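So the chains spell out like this:
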Amino acid sequence: MDFALTEEQTAIFDMAHAFGQDNIAPHAQAWEAEGTIPKELWPQIAELGFGGLYVSEDSGGSGLSRLDATLVFEALSMACPSVAAFLSIHNMCAKMIDTFAEAEMKARVMPGVVSMQTVLSYCLTEPGSGSDAAALKTRAEKGEDGYTLNGTKAFISGGGYSDAYVVMARTGEAGPRGISTVYVEDGTPGLSFGGLEQKMGWQSQPTRQVQFDDCKVPAANLIGEEGKGFSYAMAGLDGGRLNIAACSLGAAQQALDMTLEYMSARKAFGTPIDQFQALQFRLAEMEIELQAARTFLRQAAWKLDQDAPDATKFCAMAKKFVTEAGSRIVNDCLQLHGGYGYLADYGIEKLVRDLRVHEILEGTNEIMRLIVARQLLAEK
């Protein structure tokens, strides 16, 4: 059993980290204030191969493993979790198209996707169906030339910003077997967007409702087979859970690094505060939890790469454990900064706000517990 990263994996992490520190970190607070990420950033990221991280090389992607991808998201989140998480969403969509779409569709859309000239959003959640995703009501009625979509998607990162939307919609009966996946391009008649959501965190990501009103989608934009869309969506979520956990991990590492630097300079009673044993114990607790989270995440990613029978359970466990650990760590780092941690200039409060949603999306942590418990009982 070898826990060390390979030279190639170390190079992947270092490349992503350097790009983030040079091209994202200096602008993260400004982008948050503006409520958007400049579109020109994405082709620059794609030049590193990050527009199709685990898309097959035949489709123009990088063909990386899930473990490799977690290194990218961990490194980029040290610059900004909001930007890194948006890239994760794009990659989840790209993988779905690469894995399940017909050859004609892949040839048509994947060049733009992997170059990130086409930025993708994932549309599953609706106003009335979150954790109960199979209860979605958006319909795609089949006609002679394709599908007519009607319905609303909620909490969509990139709504009104992205170039195309991977949409789960009902083409058949109630329940998961009646759901299909379609590809809707921006500018399609009948596609519109709600107002910009005012969020606690992830403020650089434009988030809106996505509305379909007699939205016509050609039959060629069906991804895979009718009735298989829910299984496609769920397959994407295992990797998405690893990615969002990696985003928490990177942000927590950055917060701890910033806290160590702050505490060595900050003095109280004439002594640097990192010399007080009570505070040293808090640093030790954070480091222990951070290293445990990193090991757990990488084990889960390895299991997904190996198609292990318990991969879904481990992805759920890692998502729950790492995101909650990340939130605790960044919150403790804010506390150790004292009043300065509450100020935007120090960057810690942004991390606290950004990481909170990681316990909700890609399946709430309550659903992660449910997945684990059900599989545990099934194994018995």
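Structure: above.
To keep things clear, this report deals only with the structure shown in the data block. Just so it is clear, the structure is predicted and the values come from calculations on it, not from any experiment.

Side note on the nonpolar core
- Counting residues in hydrophobic clusters, the biggest one holds 73 residues, and the most contacted among them are Ile-24, Trp-42 and Leu-76.
- The biggest single contributor to this core is helix 7 (residues 229-265), with 12 residues.
- Each residue touching Leu-76, except ones within four places of it in the same chain, is listed here: Ala-16, Phe-19, Gly-20, Ile-24, Phe-50, Ala-84 and Leu-87.
- Residues Met-110, Ala-133, Leu-136 and Phe-230 belong to the second largest nonpolar core, which totals 29 residues.

Section: the environment of Lys-137
- As for its position among the elements, Lys-137 is in the loop between strand 1 (120-123) and strand 2 (139-142).
- With a relative accessible area of 69%, Lys-137 lands in the exposed category.
- With 10 residues separating them in the primary sequence, Lys-137 and Pro-127 have C-alpha atoms 9.7 Å apart.
- Each residue touching Lys-137, except ones within four places of it in the same chain, is listed here: Glu-126 and Asn-150.

Quick word on helix 6 (residues 103-115)
- Here helix 6 contains 13 residues, and its C-alpha end-to-end distance of 18 Å stays within 8% of the 18 Å for a straight helix at 1.5 Å per residue.
- Residue Val-109 marks the point of greatest curvature in helix 6, where the axis turns by about 45 degrees; the proline Pro-111 follows within four residues.
- The inward-facing, buried residues of helix 6 abut helix 3 (41-46), helix 5 (81-100), strand 1, strand 5 (179-185) and strand 8 (222-223).
- Downstream of helix 6 by one or two residues, Met-116 has phi in the positive range, about 60 degrees.

Quick word on the side chain of Thr-188
- In this structure, Thr-188 sits in the loop between strand 5 and strand 6 (191-193).
- A residue is classified by how much of its surface remains accessible, and Thr-188, at 15% relative accessible area, is buried.

Focus on the environment of Asn-91
- Mapping Asn-91 onto the fold places it in helix 5.
- Of the residues examined, Asn-91 reaches a relative accessible area of 0% and is grouped as buried.
- For Asn-91 and Gly-159, which are 68 residues apart along the polypeptide, the C-alpha to C-alpha distance reads 16 Å.
- The residues touching Asn-91, leaving out its near neighbours within four places in the chain, are Phe-50, Gly-51, Gly-52, Leu-53, Tyr-54 and Phe-73.

Points about the pattern of salt bridges
- Applying the stated criterion across every chain, the model contains 18 salt bridges.
- Between Glu-126 and Lys-153 there is a salt bridge, with its nearest N and O atoms 2.9 Å apart. Taken together, the residues span a long stretch of sequence, with Glu-126 in the loop between strand 1 and strand 2 and Lys-153 in strand 3 (residues 146-157) at a distance of 27 residues.
- Residues Arg-369 and Glu-324 are paired through a salt bridge, measuring 3.1 Å at the closest nitrogen-oxygen approach.

The rules we used
Residues numbered from 1 in each chain as written. Predicted model: local features only at pLDDT ≥ 70, side-chain atom pairs only at ≥ 80, totals over all residues. Heavy atoms only, no water. Core = buried A, V, L, I, M, F, W, Y, C linked by side-chain atoms within 4.5 Å. Buried < 20%, exposed > 50% of the residue type's maximum accessible area, 1.4 Å probe, protein only. Helix = DSSP H or I, 4+ residues; strand = E, 2+ residues; numbered from the N terminus. Contact = heavy atoms within 4.5 Å. Expected span 1.5 Å × (residues − 1). Bend = angle between axes of the 7 residues up to and from the residue. Salt bridge = Lys/Arg side-chain N within 4 Å of Asp/Glu carboxyl O.

Honestly, that's just the spatial picture; any functional story needs more than this.
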